[in-house]
Amino acid sequence: MNTDKLMDILPEKVRSRVEPYFEALEVMTAVKDPKVAASLGPASVRGLFLQRGKQGVPTKIPASHEAYFDWTYPSDQPEMLDLYRRAKAAQWDGEERLDWSTSVDPHDPEVPIIPENFINFEKLADYGIKLTPQEKTRFRTDITAWQLSQFLHGEQGALFAAAQVTEAVQFFDGKLYGATQVVDEARHVEVFHRYLDTKLNKLYQVNDNLFVIIDALMSDSRWDMKFLGMQIMVEGLALGAFGTLYKITKEPLLKELLRNVIHDESRHVHYGVCALREHFNHHITERERREREDWAFEVAILMRNRFLAYEVYEEWFEGTMLTRKQWRDVVNTSPGLEEFRHVMFSRLVPNLREIGLMSERIIPHYDRVGLMKYFGGKSADAISGEEMIAELDGRDAPVSAVA
Ligand SMILES: [Fe+2]
Ligand SMILES: [Fe+2]
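Okay, so let's go over this structure. (Residues numbered from 1 in each chain as written. Chains lettered and ligands numbered in written order. Predicted model: local features only at pLDDT ≥ 70, side-chain atom pairs only at ≥ 80, totals over all residues.)

### Notes on the overall build of the chain
Short version of the rule: Secondary structure counts use DSSP, requiring at least four H or I residues in a row for a helix and at least two E residues in a row for a strand, with both numbered from the N terminus. For the exposure call, what matters is how many other C-beta atoms sit within 10 Å of a residue's own: 20 or more marks it buried, 12 or fewer exposed, and in between partly exposed, using C-beta atoms placed from the backbone.
Of the regular secondary structure elements, the chain holds 17 helices and zero strands. For the chain, the proportion of its 403 residues judged to be buried stands at 43%.

If you want it as structure tokens, here you go:
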């Protein structure tokens, strides 16, 4: 009997309790490569079954990487050195740069944080959930708070991952650059948290699927897996998500916050592309490259299929007639959320191509899940933060150096 049929015959109360576990099993059994399963499996158990990210503080994740010292201080990577110089010059203070006196009313229809048509309320109504106009506004605010909460949790992961990679990476210029990223990520944690805490007054728990990725890369001893997970997958997708929210929001403080963060993030993803292109081309075997290629594909699918605001579903609809499957349908057909996915993957796929993780072998898999349309896009090392913002604003891109 397939899972859907089983779910249909279960009483509502039982169904809502077992559904998440069946989904988690589905995720885990979908991974074919045994090495990828060994890397993602334990993190999946901790994230999806034990829900470690939701069991209160602290969550402790053991690290096992080695710090790489070099007493000769080589100038070994000019592109990373250049990024280091740019990063030093581009530092900003979240307390001073942003106007925190801005009054934010998430329910003000004149200044919507996200647009009216962001959610597919018709589909929700088809499934028997009819919200009043006030409830719809509150629901949209919650979706925004959920999204910003996941950004914040991702930033905490980025802060620690950047610190770990700064120790573990073998490129000396990369270490200097990495230190600036640690400061950048601290600033991002600061501003996203302050916005959620003082303007939206709400913080959602970490999404289980995001937790799986953070757990997997924090506990992996290989620096390039941390890099691939954080700089390319999480940050690459986040950069797309920040860009979409920047484009659609009418709320000036959030817009300015995102504009500043996007500038920093474009440097981070650029660094990821630069370091991994070098490493994957010159320092690992073909077998190791294939493992990374499969890992990236599985994580991309995890984010595409599972990063679906279940925490909002649980708060609003768990125990009602709306099943998780129907919720997925609502999310997948919501114009705003569709746009998010589109921009996120249009940023990610070209970076995977650029670092050598989209060989002929894996392309049919990306094709099967509809992601090959993004293959020809610009990778992060070929587009600056300025250009990215200009594109989002619908302006001509300035003629400038990269990131
Ligand atoms: Fe960040
Ligand atoms: Fe970052």
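### Quick look at helix H10 (residues 223-248)
Operational definition: Any helix carries an expected span of 1.5 Å times its number of residues minus one. Note that bend, as reported per residue, equals the angle between axes fitted to the 7 residues terminating at that residue and the 7 residues originating from it.
In a regular helix each residue adds 1.5 Å, so 26 residues correspond to 38 Å; H10 covers 36 Å between its end C-alpha atoms and thus fits that length. Maximum bend of H10: about 35°, positioned at Glu 235. With respect to burial, H10 is a largely interior element, 23 of its 26 residues being buried.

### Comments concerning the nonpolar core
Note the threshold: As used throughout, a nonpolar core is a set of buried Ala, Val, Leu, Ile, Met, Phe, Trp, Tyr and Cys residues joined through C-beta atoms within 7 Å of each other.
Within the largest apolar cluster, 99 residues are counted, with the highest numbers of intra-cluster contacts made by Ile 213, Met 233, Phe 242 and Ala 296. The element contributing the most residues to this core is H10, with 14 residues.

### Topic: the environment of Asp 76
Worth spelling out the cut-off: Note on contacts: residues are paired as contacts if their backbone-placed C-beta atoms lie within 7 Å.
With respect to the helices, strands and loops of the structure, Asp 76 is situated in the loop between helix H3 (34-49) and helix H4 (78-89). We classify Asp 76 as partly exposed; it has 15 C-beta atoms within 10 Å. In the structure, Asp 76 is positioned 98 residues away from Gly 174 in sequence and 8.8 Å away in space, judged by C-alpha atoms. Discounting chain neighbours no more than four positions away, the residues touching Asp 76 are Phe 171, Phe 172 and Asp 173.

### Let's talk about unusual backbone geometry
Of note in this structure, Asn 201 is not a glycine but carries a positive phi near 50°. Note that Asn 201 resides in the loop between helix H8 (172-200) and helix H9 (208-219). By C-beta crowding, Asn 201 is classed as exposed, having 11 other C-beta atoms within 10 Å. Even without being glycine, Ala 309 reaches a positive phi, approximately 55°. Mapped onto the secondary structure, Ala 309 falls in the loop between helix H12 (286-306) and helix H13 (310-316).

### Details of helix H14 (residues 324-332)
To keep things clear, this is the line we draw: In this description, one arc is meant: the one made by directions from the helix axis to the C-beta atoms.
Within H14 the residues assigned to the buried category are Arg 324, Trp 327, Val 330 and Val 331. In a view along the axis of H14, the buried residues occupy a sector of 110°, so they form one face of it.

### A look at the packing of H8 against helix H11 (residues 252-282)
Applied cut-off: Structural elements are reduced to axes, namely lines fitted to C-alpha atoms, with helices fitted over the stretch in contact, and the angle between N-to-C directions of any two is expressed from 0 to 180 degrees. Relative orientations are named as follows: roughly parallel for angles under 35 degrees, roughly antiparallel for angles over 145 degrees, roughly perpendicular for angles from 65 to 115 degrees, and oblique for any other angle. Crossings are classed by handedness, with left-handed meaning an anticlockwise turn of the near helix from the far one by less than a right angle and right-handed meaning a clockwise turn. As a working rule, the residues Ala, Val, Leu, Ile, Met, Phe, Trp, Tyr, Cys and Pro are called nonpolar, Asp, Glu, Lys and Arg charged, and the rest polar, with Gly in that last group.
For the pair H8 and H11, interaxial distance at closest approach is 10 Å and the crossing angle is 155°. On the basis of the axis angle, H8 is roughly antiparallel to H11. The two elements H8 and H11 cross, and the hand of that crossing is left-handed. Between H8, through Gly 174, Tyr 177, Gln 181, Asp 184, His 188, Val 191, Tyr 195 and Lys 199, and H11, the contact on the second element is made entirely by Leu 253, Leu 254, Leu 257, Val 261, Asp 264, His 268, Tyr 271 and Ala 275. Here the contact of H8 with H11 is composed, by residue class, of nine nonpolar, four polar and three charged.

### Digging into the packing of H3 against H12
The N-to-C vectors of H3 and H12 enclose an angle of 55°; their axes lie 9 Å apart at closest approach. With respect to H12, the axis of H3 lies oblique. Relative to H12, the crossing made by H3 is right-handed. From H3, Lys 35, Val 36, Ser 39 and Leu 40 reach across to H12, where they touch Glu 291, Asp 294, Trp 295 and Glu 298. Of the residues contributing to the contact of H3 with H12, the split by class is three nonpolar, one polar and four charged.

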